[in-house]
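# Coordinate inspection notes
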Number of protein chains: 2
Amino acid sequence: MNRLPVAERREQLIEAALAVASRDGIDAATVRAVAAEAGVSLGVVHYCFQDKAELMRAMAHAITGQNASGSLAGLPADARVEQIIDAVLGGLWDGISSHRGSQLLSYELTTSSLRHADLAQVAKEQYEGSWTAAEQALGMIEQAAGVTWSVPRSDLARVVVALVDGYSLAWLVDGDDGAARSGLRSVGGYLATLARPAPTAAPAPDAPHDQGADQAPHPAGTTPAPDA
Amino acid sequence: MNRLPVAERREQLIEAALAVASRDGIDAATVRAVAAEAGVSLGVVHYCFQDKAELMRAMAHAITGQNASGSLAGLPADARVEQIIDAVLGGLWDGISSHRGSQLLSYELTTSSLRHADLAQVAKEQYEGSWTAAEQALGMIEQAAGVTWSVPRSDLARVVVALVDGYSLAWLVDGDDGAARSGLRSVGGYLATLARPAPTAAPAPDAPHDQGADQAPHPAGTTPAPDA
DNA sequence: GTCTATAGTTGGATAGAC
DNA sequence: GTCTATCCAACTATAGAC
């Protein structure tokens, strides 16, 4: 109905695609369905996007962008490593569990990307983004808690992403929010195990680093409580 | 051409479906494609299966079954917990990484199951099977190493499955086998952290117990998603 | 039991009117 | 720029010949 500039029309269609695909699955996000969702006619979509793959790529780009944005709000300023890690993982999980459809769509996009050459870049961008975000979060934890990690940050980021992915999938299947939360909490305890007091610069003023002590590879003492 | 009893024909078609879907993706596993792969005509498939969903369910059942089969061969008899865990995770990973298509198909099946009521049971069965297999594997490690876990075995099973899922997804995307292996190894160290010497029975020095030849084995896959 | 033929949908993409 | 109309391909499913 309304005549819009192409750029705005594209945004509108991307949002419509996101709505349909999150709600009904990636297979339901046909060009027709997206057009209907946006209230435009079929031809409009093909006018704005070269083909369906380009629309899907744009949708994927939009969803990874929004995932990256809503994560690290205010960290607890003065707190022990465990608490900070808990807060970060908790916030992350809140973002995931409150958007079930989007989360499932993300996995659908990943698998589709791995099968169709048209979308080959999508999965790589998703994980590049996830790993980078996790690394940044780990960096923020370092600063906030006055610690460094005893393993390379990139390796740790990979563990975190893998865990969150794994727990997300399980939660999508069985819907057990409690199991996911307690599982993540217990893993947070493991992460805390890998933290060491920062060597050079003075740790945060009001966060004495009694934590983590100097431990060898397997500190049997600090086991993550698997559930609470 | 050949006239086969329905049961055998079904087996043949299930294998054809598995071949097509592993190779070209779940969307490519159309009734036509499966019929062509099996070398039969279109009608035959509809004669053996009520509809496409039933074929997909049968295929899913077959893939979770085969995932369950190929896992815990001989464990190292006399070894420390770390080594035993390493061997189990390593064997598990070998099974996964040598069947990329099947692994990816598992995730496709999970997401499809979560979207289509026809396949609702598939994902639940996949994870029930994975969790059970992981618990059994943990039990075998307990016996082989003479330890018990300091957290409930079911919680631990969930962690293991989540980690393997997460690393599998990442590996499907970036193909970095080394990162997956070293990540799993480091996680194995974490698991060892949770082992305690078994209280009652003496931890027999050399393989005291029967190897579970009839055991169902490991975690199969699911799907991926990016996180924040 | 197996095949051919075909019905009946649905989806991607384009042409051309306005 | 937008809409209608249409083409063409692929799919599920069934009917009916053999």
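Residues numbered from 1 in each chain as written. Chains lettered and ligands numbered in written order. Predicted model: local features only at pLDDT ≥ 70, side-chain atom pairs only at ≥ 80, totals over all residues. Heavy atoms only, no water.

## Overview of the side chain of Glu54(B)
Counting through the fold element by element, Glu54(B) comes out in helix H4 (residues 52-69). Setting aside residues no more than four positions away along its own chain, Glu54(B) makes contact with Arg10(B), Cys48(B) and Phe49(B). (Helix = DSSP H or I, 4+ residues; strand = E, 2+ residues; numbered from the N terminus. Contact = heavy atoms within 4.5 Å.)

## Here we look at the relation of the copies chain B and chain A
Least-squares fitting of chain B to chain A yields an RMSD of 0.1 Å, with the transformation described by 0.0 Å of translation along the axis and a rotation of 180°. These values place the two chain copies in the arrangement generated by a two-fold rotation axis. A shared binding surface is used by both copies, with 78% of the interface residues of chain B retained as interface residues in chain A. (Least-squares fit on C-alpha atoms with pLDDT ≥ 70 in both.)

## Looking at the packing of aromatic side chains
Residues and elements named next belong to chain A. Under the criterion given, the structure shown has five aromatic pairs over all chains. Centre to centre, the rings of Trp93 and Trp171 are 5.5 Å apart; their planes meet at 75°, and the pair counts as edge-to-face. One end of the pair, Trp93, is in helix H5 (residues 81-97); the other, Trp171, is in helix H8 (residues 153-174), and 78 residues separate them in sequence. For the pair Trp93 and Trp171, a shared accessibility class is recorded, and that class is buried. (Phe/Tyr/Trp six-rings, centres within 6.5 Å; stacked < 30°, edge-to-face > 60°. Buried < 20%, exposed > 50% of the residue type's maximum accessible area, 1.4 Å probe, protein only.)

## Focus on the protein's contact with DNA strand C
Taken together, 15 residues are adjacent to DNA strand C, and Val31(A), Arg32(A), Asn2(B), Arg3(B) and Tyr47(B) come closest. The sugar and phosphate moieties of DNA strand C supply 59% of its atoms located within 4 Å of the protein. Within the backbone of Lys52(A), one N or O atom sits 3.0 Å away from a phosphate oxygen of DNA strand C. Take Arg3(B): an N or O atom from its side chain is 2.7 Å from a sugar or linking oxygen of DNA strand C. Only helix H2 (31-38) and helix H3 (42-48) of chain A together with helix H3 (42-48) of chain B provide two or more residues apiece to the surface near DNA strand C. When grouped by side-chain class, the residues that make up the surface near DNA strand C number six nonpolar, four polar and five charged. (Near = heavy atom within 4 Å. Polar contact = N/O pair within 3.5 Å; in protein donor to acceptor, adjacent residues only side chain to side chain. Nonpolar A, V, L, I, M, F, W, Y, C, P; charged D, E, K, R; others polar.)

## Quick notes on the domain arrangement of chain A
Often, the extent of an interface is quoted as the loss of accessible area upon association of its parts. Residue and element names in this part refer to chain A. By domain assignment, chain A separates into domain 1 (6-63) and domain 2 (74-197). Distance from the C-alpha centre of domain 1 to the C-alpha centre of domain 2: 28 Å. Listed as interface residues are 12 residues of domain 1 and, on the opposing side, 11 residues of domain 2. Buried area between domain 1 and domain 2, summed over both chains or domains, comes out near 930 Å², and the portion from carbon and sulfur atoms is 73%. Looking only at domain 1, the three residues that lose the most surface to domain 2 are Ser22, Ile26 and Ile63, adding up to 49% of its buried area. (Domains from an automatic or database assignment. Buried area = accessible area lost by both parts, 1.4 Å probe.)

## Observations regarding the pattern of salt bridges
The tally for this structure, following the rule as stated, stands at 17 salt bridges over all chains. Between Asp24(B) and Arg23(B) there is a salt bridge; the shortest N-O distance is 3.3 Å. Close ionic contact of Arg153(B) with Glu142(B) constitutes a salt bridge, the shortest N to O distance being 2.8 Å. Taken together, the positions of Arg153(B) in helix H8 (residues 153-174) and Glu142(B) in helix H7 (residues 120-145) put the pair 11 residues apart, joining distant regions of the chain. Each of Arg23(A), Asp24(A) and Glu37(A) takes part in one network of salt bridges that share partners. (Salt bridge = Lys/Arg side-chain N within 4 Å of Asp/Glu carboxyl O.)

## What about the environment of Ala19(B)?
Residue position: Ala19(B) is located in helix H1 (residues 6-24). Considering only alpha carbons, one finds Ala19(B) and Ala29(B), 10 residues apart in sequence, at a separation of 8.9 Å.

## Observations regarding the nonpolar core
In this structure, Ile85(A), Trp149(A), Ile85(B) and Trp149(B) are the most contacted members of the largest nonpolar core, which totals 91 residues. Once you skip the residues sitting within four places of it in the chain, Trp149(B) turns out to touch Ile85(B), Leu138(B), Ile141(B), Glu142(B), Leu156(B), Leu191(B), Leu194(B) and Ala195(B). (Core = buried A, V, L, I, M, F, W, Y, C linked by side-chain atoms within 4.5 Å.)

## Considerations on the interface of chain B and chain A
At the interface, 55 residues of chain B touch 57 residues of chain A. Taken together, the two surfaces of chain B and chain A that pack against each other cover about 4,400 Å², and 62% of this comes from carbon and sulfur. At the boundary of chain B with chain A, the tally comes to four salt bridges. The partner of Asp174(A) in a salt bridge is Arg158(B), and the shortest N-O contact between them spans 3.0 Å. Among the elements of the structure, H1, helix H6 (100-115), H7, H8 and helix H9 (177-193) of chain B are those that each provide at least two residues to the side of chain B that touches chain A. Counting residues per element, the side of chain B that touches chain A draws most heavily on H8(B), which supplies 14 residues. Its residues placed into classes, the side of chain B that touches chain A shows 27 nonpolar, 13 polar and 15 charged.

## Describing the packing of helix H7 (residues 120-145) of chain A against H8(B)
Axis separation between H7(A) and H8(B) bottoms out at 9 Å; the angle between their running directions is 125°. It follows from the interaxial angle that H7(A) and H8(B) lie oblique. Helix-helix and strand crossings are classified by hand; for H7(A) and H8(B) the assignment is left-handed. Here H7(A) contributes Ala123(A), Lys124(A), Tyr127(A) and Trp131(A) to the contact with H8(B), which in turn contributes Leu169(B), Ala170(B), Val173(B) and Asp174(B). Looking at side-chain class alone, the contact of H7(A) with H8(B) contains six nonpolar, no polar and two charged residues. (Axes fitted to C-alpha atoms, helices over the stretch in contact; angles between N-to-C directions. Parallel < 35°, antiparallel > 145°, perpendicular 65-115°, else oblique. Left-handed = near helix turned anticlockwise from the far one by under 90°.)

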